[in-house]
Every structure is written in structure tokens, then in C-alpha cells.
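Coordinates in review
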Amino acid sequence: MSTPGELKSDEIYLGNYLFERLAQLGVKPIFGVPGDFNLVLLDLLEDSGKVEWVGCCNELNASYAVDSYVRVKQVQLNESDNTPEHKTQGGVRGLGALVTTYGVGELSAMNGVAGAYAERVPFIHIVGVPSSKLQKKGALLHHTLGEQLNPDFTVYEKAAQSVTKAQAFLKDPRTAAEEIDRVLRVALETARPTYVTVPTDFVFLPVDKKRLDTPVVPPPPLVQTPALLPTGDKITPEKKDVVHFVVNEIERLWLKAKNPILLVDACAIRYGVVHLVRDLVEATSIKYFSTPMGKGALDEDPARGFGGVYIGDITDDEVKTAVESADLTILVGSLKSDFNTGEFSYKMKQEEMIELHSDHTVVQYANYPGVSFHTLLPVLARTLKPKDVEPTPKAAGLAREIPAGDPKAMVKQEAFWPLWGKFFKDHDIILAETGTSSFGVIDVQLPKGATLISQVLYGSIGYAGGALLGALKAAQESRFKRRTILFIGDGSLQLTVQDISTMLRQGLKPIIVVLNNDGYVIERLIHGPERVYNDISRWKWQELLSFFNADNVPSKSWLANTREEFEAILGDAEFAAADKCQLLEVKMDRLDAPRALVLQAKLSADLNAAV
């Protein structure tokens, strides 16, 4: 292990430099798993007083946790930092950090890193690696692939290049600090994870302390300074001319349209422009809808113009008609993946579409690179005049009526989700696992200020179980008291259950709702409803918290075998208080599924068919 040498007054150790930079960028918890190649680095982390180590049970869970921490933090920062008197152009604000060890640790985390890359979630993956001297010697070390002649210490770096936006393989002491700044900057500019390796003999490398006086990225510009982008890049006079032309083109289509709508999607959240979208909605009175990945970005209140969630052919009939009868659709931050679009079943005409993105704009058939929604949204809010538009669907496709059912039988999906709609409160954080939960919550109205976390695009089973930890840590930084509620199936939770123990150790207070439906319902609906590969081992869920809780942290488990029991628990003040770690097991039929999931499964089965 490397040891510290003496520092000059204007120097700082590289390891401390890294953690100071992360603290400057608002990172508080750092998730990961210790390994011998990162232990000295973790000493500095623990002693820093600026950041907090959150050790996880495995690297995959840690990668899911940092992902959700960033998602929730981005929303919280965007809301708290934008007031009528101080309104920015937005930008990527949330950032996280993950620490693993060389080879075995980083590969274990890679699935979660890939999911963050796919879904535009920025964090830095810090990997402790063997010393530069050992690498140069070609030593046959543990965690390598065992090549005795000319071992390749870059093999894992090559793997990381596919799932991170920028990489820094620290080899030159003269540029190490600069390289750290570069990958941090790229993460914030692109909303994607980045990667840095820190050799054990670089941890105590002296670097110039004065570098810390220069921010990695500038503060986001105000909307009153349209010549700048959140990255700090200036808009050239030539680009201003293009922006002016694009605004005129959009205004031309707006004036012509009789029934325009707006569809908000994931990248409006990821790139921090939700407040600008809200301004546009309020300035124009435009009806607005969301996608599954954009759900919760704007208030889901039909009285304010919310029309529902649009997913192509999976959409509620009334909402589908409202969207597809529009004669102009403004899409903000769209990600047109299969599960986000009802297997690509949008029914919009290209000549009636405007797409606003972080790095380009599409107006009808014309693409304008470099024209960002950061620049356009404030201008459009000032330019486009309000219209008298058709009213939004009164129900907005959201389940408000609770179907009757046998109180002595298991609760059915058609009643389960509307009942939760009555339970949710303002500012709740809701995590919905891929499959039953993510499709069930689509038809539930989210209350004001609620945040929905779901991995719709990448869809790694078990994601939400690991992500719960990160969401809880982000909630601690909120100016509001936020309950954090996880919905996850019994099969999915078996993949990432271990870090419930970390939540107990941290004194966190989630509500964990386990849909005990005896296996993988989404897979059964797509193919093989009676196949054994969709079955799982049955667990004693009521004993889970006690098993993980050797220190007897306050916790409680609840069981709902019937609808009557389920409704009684939802009405229990102790359960709603969320003042301890709680697990609610709900017994459900193994083939019962939400409306949207049944339709999606049929479309997926057709798409996957060998023809």
C-alpha cells in the first residue's frame, strides 16, 4: 500500500483532490464495495468529512443505488434552485459516485453502469487498480485474467469504454488531476456515467491545490442570458440566427394548429428543463401528456391541462384519442424505446411533430444540430401565444374509481393500484420495478411533487431493489420530508435483496411492498405461462427484516392475504407514518396483471415471434 509523503502548502493528495471535487459538485454519499486495490483511497474518503461512505453488499446493488440517488437528486435540485426570481436554463445537476476494485468489483457493477448509460444518469465510476509499477512489471496478480506472458491490465478498461461516456486511465502524474476533472465534466455535460482508474501508488500523489478554485463546470446560466448554454459554451452569432429561424418555424406551425399538445419525456428530467417545460405549458395553456419515462415530470392534474400517459397502442382509449387527434405535437426530451412507446406504435405524423432535445431540434423533417431545448424553451414561452384548446380528458386515463371485489379473496391488480393512488402523498418517492409494478403505476395519479423511479428502457430485473437505497439517501437531502415506497415482485427482489440490510444499518425507513405472485408475471405473459423457468423458490418474506436485522433496528412486517387485510393496512396510521423500515407482503394471483402490462406483453410476444 502507498503511504503519504510530505505536502507543500499549495498541494493536496490526488485522492483528497478527487473527493473535494465530488463534494464541490454536491455529492454526499459514495456507494461501493471495498477491495484491496481501493482500501487506501477509502481511508481518505472516510477521513474527508466532506463525503460519506455507503458500503453495499455487492457492486451491482451499489451501481443501482448511485443511479437512483442521481435521479432523485436531479429532480430535487431542479425544483429548489429555480424560483421566479432566479430561473436557470437547467442542465445536468445531479451527480453521483461509485467505488469498486479492479476486475472483479468493476465487472460486477458493469450491468448497473450500462443501465445508467442507457437511461442518461451521470455518475463517476472510480476503480482502484494495481500500482503503476506492478502494471509496468507485468506481474501476475489476483483479479487479472491469469495471463502469464504480457498480462493485459487494460482489458477491463476496454470493457468500460462501451458503457461509459469518457474514461481516464491515470498513468501520468502530471495530468492526473486534469483527467479527473475531464471525466467529471463529461458526465455533467452528457448525463452519462464516466470511468476513472486510480492506481494504488497515485492515491498520495501531490497535485496542485489551486485547481480546486476553478469549478469543473460553471453555474447554470439564467434564462436572461440566452447566449450561454448550461455547459458554459457560448452561442455564436451564426447559431443565434439558426435559433431565430427555428423559433419562427415553430411559431408558424403553432399559429396554424387548432389542437396542439405537448408530450414530456425522460430527457426533460435528466437534463434539468422540467421547470422550463412547465413555464411553456403555463404560458400557452397547451394540453400536456407524459410517457412512462416522463411520468411525474409535471403535475398530473387535469385541471391544469394534464391529459394522461401516452404509450401508443397501450394507452387508455380516451387518452389515446386525445393525443392522436392533435394536429401538432411538441415532444420534449423523447426516448422512443419499445416499452416507452407501446412497441413503437405512436400514431403521429412527422409533418405535425416538433422534437426538442438537449443537443438538437427536429421541426417536421428538418434536423437542427446544436439547437438545444435549454435555449429554445424560454424563448418559446415568450413567443407562443395562448390558444383556446379542446379540454383534456376528465379522467386523464388515471384510475380513480376503485373496482368492487371480494374482500375475503386476494386483492386484484385492477383495485391494487387505484388504492395506492389514495395512499400516496405529496413529495413521495415511488420506485416501480420493471414489469408488473412499472406498468401498474402508469394508471395511478401521482400527487404534487412526487418522484417516480423506474428503469423502463434498460429494464434490468431487480434494479428497483438496489435503487431503493440510493433514493433513500437522496431523500435525506430534500427540503421536504419524503416517504420512499418500493413496489417490487417476489422474483425481482430475490436478485437484489441483500442491501435491505444496509438500509437497516443506515437507519433508513422505506416502505417495501412485495407483490408475492409466485414468480415472473411479465415473463409468463410474454411466453411460457406454465413453464418452470418462470417459477421461483418461495421465500418466507415475513422473516426477511428480522433476518437482516441483528442490531434490532425498529422495523415491522405486514401481510395482506386478502383485499380486506390490504385495505386495512393502507388505512393504518402506523403504516402510513413511514417512521421505521417496513415490509408489506401482498399475496396476488400468479397470472393477474395490470391492464397496460397485458397489452405490452402481447405486443412484445408478437415482436419477439420468430417469423
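Residues numbered from 1 in each chain as written. Predicted model: local features only at pLDDT ≥ 70, side-chain atom pairs only at ≥ 80, totals over all residues. Heavy atoms only, no water.

1. Quick look at the overall build of the protein chain
- The helix and strand tally for the protein chain stands at 22 helices and 21 strands.
- What you see for the protein chain is a C-alpha radius of gyration of 25 Å, in line with the 25 Å of a compact globule of 611 residues.
- Overall, the C-alpha framework of the protein chain stretches about 70 × 65 × 50 Å when taken along its three principal axes.
- Taken over 611 residues, the protein chain has a buried fraction of 59%.
- Taking all contacts inside the protein chain whose residues are at least 6 apart in sequence as the whole, residues at least 24 apart take part in 76%.
- As displayed, the protein chain has an accessible area near 24,500 Å², and 53% of this comes from carbon and sulfur atoms. (Helix = DSSP H or I, 4+ residues; strand = E, 2+ residues; numbered from the N terminus. Rg over C-alpha atoms; globule rule 2.2 N^0.38 Å. Buried < 20%, exposed > 50% of the residue type's maximum accessible area, 1.4 Å probe, protein only. Contact = heavy atoms within 4.5 Å. Areas by Shrake-Rupley, 256 points an atom, 1.4 Å probe, with all protein chains shown as cover.)

2. What to know about the sheet that holds strand β7 (residues 194–199)
- As summarised here, the arrangement of the six strands in space is β3-β2-β4-β5-β7-β6, forming an open sheet in which the pairing is parallel. Strand pairing shows two members of the sheet lacking a second neighbour, β3 (52–55) and β6 (167–169), which therefore form its edges. Going across the sheet, the axis of each strand differs from the next one's by a mean of 25 degrees, ignoring polarity.
- In this structure, strand β5 (residues 123–129) lies alongside β7, joined through six bridges in parallel fashion. Bridge pairing links His-125 to Tyr-195 in β7.
- Along the sheet, helix α3 (residues 59–80) contacts β2 (29–32), β4 (96–101) and β5; its crossing angle with β4, the most-contacted strand, is approximately 170 degrees.
- Its contacts with the sheet place helix α15 (residues 463–475) against β2 and β3, and it is angled at close to 170 degrees to β2. (Pairing = 2+ DSSP bridges. Axes fitted to C-alpha atoms, helices over the stretch in contact; angles between N-to-C directions.)

3. Description of the pairing of β7
- Counting buried residues in β7 gives six out of six residues, a clear majority hidden from the surface.
- The alternating pattern of β7 places Thr-194, Val-196 and Val-198 and Tyr-195, Thr-197 and Pro-199 on opposite faces, both of which are buried.
- Alignment of β6 against β7, held across three bridges, turns out to be parallel. Directly across from Ala-168, in β7, lies its bridge partner Val-196.
- Note on the crossover from β6 through helix α7 (residues 176–190) to β7: the handedness is right-handed. (Right-handed = clockwise from strand over helix to strand, strands pointing away.)

4. Quick notes on the nonpolar core
- Formed by 99 residues in total, the largest nonpolar core has its most connected members in Leu-22, Ile-126 and Leu-356.
- It is α7 that contributes the most residues to this core, eight residues altogether.
- Apart from residues lying up to four places away in sequence, Ile-126 is in contact with Leu-18, Leu-22, Leu-41, Ala-97, Leu-98, Val-99, Thr-100, Val-196 and Val-198. (Core = buried A, V, L, I, M, F, W, Y, C linked by side-chain atoms within 4.5 Å.)

5. Quick look at the packing of helix α13 (residues 413–423) against helix α20 (residues 563–570)
- Across the interface, α13 lies against α20 with an axial gap of 11 Å and an inter-helix angle of 15 degrees. By the angle between their axes, α13 is roughly parallel relative to α20. Of the two elements, α13 crosses α20, and the hand of that crossing is right-handed. Only Arg-563, Phe-566, Glu-567 and Leu-570 of α20 make contact with α13, whose side of the interface consists of Ala-415, Phe-416, Leu-419, Trp-420 and Phe-423.
- Taken together, the residues that form the contact of α13 with α20 break down as seven nonpolar, no polar and two charged. (Parallel < 35°, antiparallel > 145°, perpendicular 65-115°, else oblique. Left-handed = near helix turned anticlockwise from the far one by under 90°. Nonpolar A, V, L, I, M, F, W, Y, C, P; charged D, E, K, R; others polar.)

6. Description of the sheet that holds strand β14 (residues 360–363)
- Across the sheet, seven strands lie side by side as β11-β10-β9-β12-β13-β14-β15; this open sheet has mixed pairing. Of all strands in the sheet, those with a lone pairing partner are β11 (306–309) and β15 (366–369), marking the two edges. Mean inter-strand twist for the sheet, computed between neighbouring axes without regard to direction, equals 15 degrees.
- Relative to strand β10 (residues 287–290), strand β9 (residues 260–264) is paired through four bridges, and the arrangement is parallel. Bridging from a neighbouring strand, Ile-261 pairs with Lys-287 of β10.

7. Side note on helix α1 (residues 14–24)
- Within α1 the residues assigned to the buried category are Leu-14, Gly-15, Tyr-17, Leu-18, Phe-19, Arg-21 and Leu-22.
- Directly beyond the C-terminal end of α1, a positive phi value near 90 degrees is found at Gly-26.

8. Here's the deal with the side chain of Gln-167
- As for its position among the elements, Gln-167 is in strand β6.
- Exposure remark for Gln-167: the relative accessible area of 18% places this residue in the buried category.
- Polar side-chain contacts of Gln-167 include one of 3.0 Å to the side chain of Thr-164.
- Dropping the residues within four chain positions of it, Gln-167 is found in contact with Ala-160, Gln-161, Glu-179, Arg-182, Val-183 and Tyr-195. (Polar contact = N/O pair within 3.5 Å; in protein donor to acceptor, adjacent residues only side chain to side chain.)

9. So, the pattern of salt bridges
- Enumeration over the complete set of coordinates arrives at 37 salt bridges.
- Measuring nitrogen to oxygen at the nearest pair gives 3.4 Å for the salt bridge that ties Asp-201 to Lys-133. Here Lys-133 lies in helix α5 (residues 132–137) and Asp-201 lies in the loop between β7 and β8 (206–208), a separation of 68 residues in the sequence.
- Among the salt bridges present, the one from Glu-355 reaches Lys-336, with a minimum N-O distance of 2.8 Å. (Salt bridge = Lys/Arg side-chain N within 4 Å of Asp/Glu carboxyl O.)

10. What about the packing of helix α10 (residues 274–284) against helix α12 (residues 373–383)?
- Viewed as axis vectors pointing N to C, α10 and α12 meet at an angle of 20 degrees, and their least axial separation amounts to 8 Å. In this view, α10 runs roughly parallel relative to α12, as classed from their interaxial angle. Pair α10 / α12 crosses with left-handed handedness. Contacts between α10 and α12 pair Leu-276, Val-277, Asp-279, Leu-280 and Ala-283 from the former with His-374, Leu-377, Pro-378, Leu-380 and Ala-381 from the latter.
- Across the contact of α10 with α12, the residue classes tally to eight nonpolar, one polar and one charged.

11. Concerning the pairing of β15
- Relative to β15, β14 is paired through four bridges, and the arrangement is antiparallel. Counterpart to Val-363 in the pairing with β15 is Ala-366.
- Here β14 folds back onto β15, and the loop between the two strands holds two residues, one of which, Gln-364, carries a positive phi near 55 degrees.

12. Here's the deal with the side chain of Ser-604
- Counting through the fold element by element, Ser-604 comes out in helix α22 (residues 595–608).
- The residues touching Ser-604, leaving out its near neighbours within four places in the chain, are Phe-339, Glu-343 and Ile-526.

13. Notes on the state of the cysteines
- Applying the stated criterion to the full structure yields zero disulfides.
- With no disulfide partner, Cys-57 has as its closest neighbouring cysteine sulfur the one in Cys-56, 7.2 Å distant.
- By relative accessible area, which is 39% here, Cys-57 ends up partly exposed.
- A disulfide-free cysteine, Cys-581 has its sulfur positioned 13 Å from the sulfur of Cys-57, the nearest such atom. (Disulfide = S-S within 2.5 Å.)

Function-wise, these values are silent; they only describe arrangement.
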